[in-house]
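Secondary and tertiary structure notes
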Amino acid sequence: MSYKTKVSRNGNIAKLQAGYLFPEIGRRKAAHMLKYPDAQVISLGIGDTTEPIPEVITSAMAKRALGLSTIEGYTGYGAEQGEKQLRAQLASTFYSNLGIEEDDIFVSDGAKSDISRLQVLFGSNVTMAVQDPSYPAYVDSSVIIGQTGEFQKDIEKFGNIEYMKCTPENDFFPDLSKVSRTDIIFFCSPNNPTGSAASREQLTKLVNFAKDNGSIIIYDSAYAMYVSGDTPKSIFEIPGAKEVAIETASFSKYAGFTGVRLGWTVVPKELKYSDGFPVAKDFNRIVCTGFNGASNIAQAGGLACLSPEGLQAMHEVVGFYKENTKIIVDTFTSLGFTVYGGIHAPYVWVHFPGRSSWDVFSEILEKTHVVTTPGSGFGPAGEGFVRVSAFGHRNNVLEACRRFKELYK
Ligand SMILES: Cc1ncc(COP(=O)(O)O)c(C=O)c1O
């Protein structure tokens, strides 16, 4: 028998199921590679970026890194909320005319960490709603902080979470007349995994719903730069949103910063608790207590991203992935599948009516050596769908599509 401590396991973590979705896919991919050591496995699964970071951005990071070796260029701890210049540049680049100011913006090491920080902010006594399907971090972090009941195997849902069904039948926007009031509403647009982006009219309904119920929206805009046309890129484009919403965002999918780590969260000073206390003041406390600010090198990269050349370079990166998306959409459409998403997002949501997502995932992996993501991993309403990510080198995307055509011709 191995030695055991006397510490009991955190019961909330014990409620989580098989594990975070993406490590599970990683395990299946690894097992597949053991089984077929010679196969050319292509990953269009977890949604990690593949293209190099534009040099205008890396050179700014290199310069800052080398500067750290000089007396003049050295800096240690910075402001926990981020460097003033970066906060100001974020405000003017993404929120000009929306009334969001530099001090409403908290720079972070990425949107995922901020989602967990927001859970710590609100604590275990709030109730929460999520889109079903949705990015798994919202539900998992809610379980960990103790907001939920047990996992109910028959319905594949955790107790005490309001799952807002988003399917083709409702244009991937929840029927709010059927959604119960919760304190917190997680809403991601463009959505991971469905790739759908909510319209101005839909977001107006959401903001009004939150206002009527006195709820707070946590709006995840990690894919906002993939939006084209008049579809909103920020929840703050909706009148009144500053009183009911927080927005979290990231450089990960714009500049290939999934490894560099840089994001930001906007908590407007207009957002107040029931006793009138500003939410931003408490978030500031969370950030100062549990975080010492984003890496100064990453922040130099962020500032370079927001220069005119950096913005141009990010648009090119986003444009490249959007071309990949089109190739994937066209492939599945030509094979007779109904596909969703892929217009304002780097994800294609392919419908396999009547089939189990994990079965389709396994079939595709076994027969084409391509890793996708089973829709049911994002929530019960994702059953029958598979998410195909457009993050890949062009030749890999083309080769994966060639294999899909072979399998489903
Ligand atoms: C919807 C959504 N939010 C947040 C994240 C995490 O972003 P970051 O790399 O900034 O932590 C992802 C990453 O895939 C995502 O899809």
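All residue numbers refer to positions counted from 1 along the written sequence of the respective chain. Under the rules for a predicted model, residues below a pLDDT of 70 receive no local features and side-chain atom pairs below 80 are neither given nor counted, while totals for whole chains, interfaces and linings still include all residues. To obtain the side-chain values, all non-hydrogen atoms of the structure were used and water was disregarded.

Considerations on the overall build of the protein
Scanning the protein from N- to C-terminus turns up 13 helices and 15 strands. Taken over the C-alpha atoms alone, the protein extends approximately 60 × 60 × 50 Å along its principal axes. Split into buried and exposed, the 409 residues of the protein put 51% on the buried side. Counting only contacts in the protein whose residues sit at least 6 apart along the sequence, the fraction spanning at least 24 positions is 73%. Surface exposure here means Shrake-Rupley accessible area, sampled with a 1.4 Å probe, where a residue is shielded only by the protein chains that are shown. Summed over all atoms, the accessible surface of the protein reaches about 18100 Å², with 53% contributed by carbon and sulfur. Counting from the N terminus, the helices are DSSP H or I runs at least four residues long and the strands are E runs at least two residues long. With a 1.4 Å probe rolled over the protein chains alone, any residue whose accessible area is under 20% of its type maximum counts as buried; one over 50% counts as exposed, and the rest are partly exposed. Contact criterion: two residues are considered in contact whenever any of their non-hydrogen atoms come within 4.5 Å of each other.

Regarding the site of the ligand
Note on terminology: near, applied to a residue and a molecule or strand, indicates that one of the residue's heavy atoms is within 4 Å of it. Around the ligand lies a shell of 14 residues, among which Asp220, Tyr223, Ser250, Ser252 and Lys253 are the nearest. Pairs of N or O atoms are called polar contacts if they sit within 3.5 Å, as long as, within protein, a hydrogen donor faces a hydrogen acceptor (for residues adjacent in sequence, only side-chain-to-side-chain pairs). Ala111 is positioned such that a nitrogen or oxygen atom in its backbone is 2.7 Å from an oxygen atom of the ligand. The separation between an oxygen atom of the ligand and a polar side-chain atom of Arg261 is 2.7 Å. Contact with the protein chains hides 93% of the accessible area of the ligand, taken as 400 Å² for the molecule alone. Only helix H5 (111–122) and helix H8 (252–255) provide two or more residues apiece to the shell around the ligand. Its residues placed into classes, the shell around the ligand shows 6 nonpolar, 4 polar and 4 charged. Any residue that is not Ala, Val, Leu, Ile, Met, Phe, Trp, Tyr, Cys, Pro, Asp, Glu, Lys or Arg is counted as polar, Gly included; the first ten are nonpolar and the last four charged.

Points about the domain arrangement of the protein
Each assigned domain of the protein is listed here: domain 1 (19–52 + 310–408) and domain 2 (56–306). Start and end points for every domain follow an automatic or database-based domain assignment. For domain 1 and domain 2, the distance between their C-alpha centres works out to 25 Å. Taken residue by residue, the interface counts 33 residues in domain 1 and 43 residues in domain 2. Note on terms: buried area is the combined drop in 1.4 Å-probe accessible area of two parts once they are placed together, counting the loss on both. For the pairing of domain 1 and domain 2, the buried interface totals around 2900 Å² over both sides, and the portion due to carbon and sulfur atoms is 66%. Throughout this description, the term salt bridge denotes a Lys or Arg side-chain nitrogen within 4 Å of a carboxyl oxygen of Asp or Glu. In this structure, the connection of domain 1 to domain 2 is made through 0 salt bridges. Elements with a minimum of two residues in the side of domain 1 that touches domain 2: helix H2 (21–35), helix H11 (308–334), strand S11 (339–341), strand S12 (347–351) and strand S15 (385–389). Ranked by the residues each element gives to the side of domain 1 that touches domain 2, the list is headed by H11, at 9 residues. Taken together, the residues of the side of domain 1 that touches domain 2 sort by class into 20 nonpolar, 10 polar and 3 charged.

Here's the deal with helix H9 (residues 279–290)
Expected helix span is given by 1.5 Å per residue-to-residue step, counting one fewer step than there are residues. Taking 1.5 Å as the rise per residue, H9 with 12 residues should run 16 Å; its terminal C-alpha atoms sit 17 Å apart, in good agreement. Of all the residues in H9, the buried ones are Val279, Ala280, Phe283 and Val287. Along the long axis of H9, the arc covered by the buried residues comes to 90 degrees, so they all point the same way. Opposite the packed face of H9, turned more than 90 degrees from it, sit the exposed residues Lys281, Arg285 and Thr289. Buried residues in H9 make contact with strand S2 (105–108), H5, strand S8 (216–220), strand S9 (245–250) and strand S10 (263–266). To be clear, the arc concerns the directions from the helix axis to the C-beta atoms.

Description of the side chain of Thr148
Relative to the helices and strands, Thr148 is located in the loop between helix H6 (137–145) and strand S4 (151–152). Relative accessible area serves as the criterion here: at 7%, Thr148 is assigned to the buried category. Apart from residues no more than four positions distant in its own chain, Thr148 is found in contact with Lys15, Ser142, Val143, Phe158, Gly159, Asn160 and Ile161.

Digging into the sheet that holds S11
A sheet is described by the order of its strands in space; here 4 strands give the open sequence S11-S12-S15-S14, paired in antiparallel fashion. Pairing within the sheet leaves two strands with one partner each, and these edge strands are S11 and strand S14 (373–374). A strand pair is defined by DSSP finding two or more bridges across the two strands. Alignment of S14 against S15, held across 2 bridges, turns out to be antiparallel. Bridge assignment links Thr373 to a residue of S15, and that residue is Arg387. Between N-to-C directions, angles span 0 to 180 degrees; the directions come from axes that are lines fitted to C-alpha atoms, helices contributing only their stretch in contact. Along the sheet, H11 contacts S11, S12 and S15; its crossing angle with S12, the most-contacted strand, is approximately 10 degrees.

With respect to the packing of helix H4 (residues 84–94) against helix H10 (residues 296–305)
Orientation of H4 relative to H10, taken along the N-to-C sense of each, is 35 degrees, at an axis distance of 10 Å. When the axes of H4 and H10 are compared, the crossing they make is left-handed. For the pair formed by H4 and H10, the contact residues are Gln85, Leu86 and Gln89 on the first element and Gln299, Gly302 and Leu303 on the second. Here the contact of H4 with H10 is composed, by residue class, of 2 nonpolar, 4 polar and no charged. In this scheme, a crossing is called left-handed if the near helix is turned counterclockwise away from the far one by less than a right angle; it is called right-handed if the turn is clockwise.

Points about H2
Along its 15 residues, H2 runs 21 Å from first to last C-alpha, staying within 8% of the 21 Å computed at 1.5 Å per residue. Taken residue by residue, H2 has Leu21, Phe22, Glu24, Ile25 and His32 as its buried positions. All buried residues of H2 lie within an arc of 155 degrees about the axis, which places them on one face of the element. Residues of H2 that are buried make contact with helix H12 (357–368), strand S13 (370–371), S14 and S15.

A short note on the packing of aromatic side chains
Any two of the Phe, Tyr and Trp rings considered here, Trp counted by its six-membered ring, make a pair once their centres fall within 6.5 Å; the pair's planes then place it as stacked at under 30 degrees, edge-to-face at over 60, or tilted in between. Tallying each qualifying case throughout the model produces 29 aromatic pairs. Taken together, a centroid distance of 6.3 Å and an interplanar angle of 75 degrees make the contact between Trp349 and Phe378 edge-to-face. Residue Trp349 is found in strand S12, and its partner Phe378 is found in the loop between S14 and S15; the two are separated by 29 residues along the sequence. Ring geometry for Trp349 versus Phe385: centroids 4.9 Å apart, planes at 5 degrees, classification stacked. With Trp349 in strand S12 and Phe385 in strand S15, this pair connects stretches of sequence that are 36 residues apart. In terms of burial, Trp349 and Phe385 fall into one category: buried. Among the aromatic side chains, those forming a connected cluster through ring pairs are Phe22, Phe172, Tyr340, Trp349, Phe378 and Phe385.

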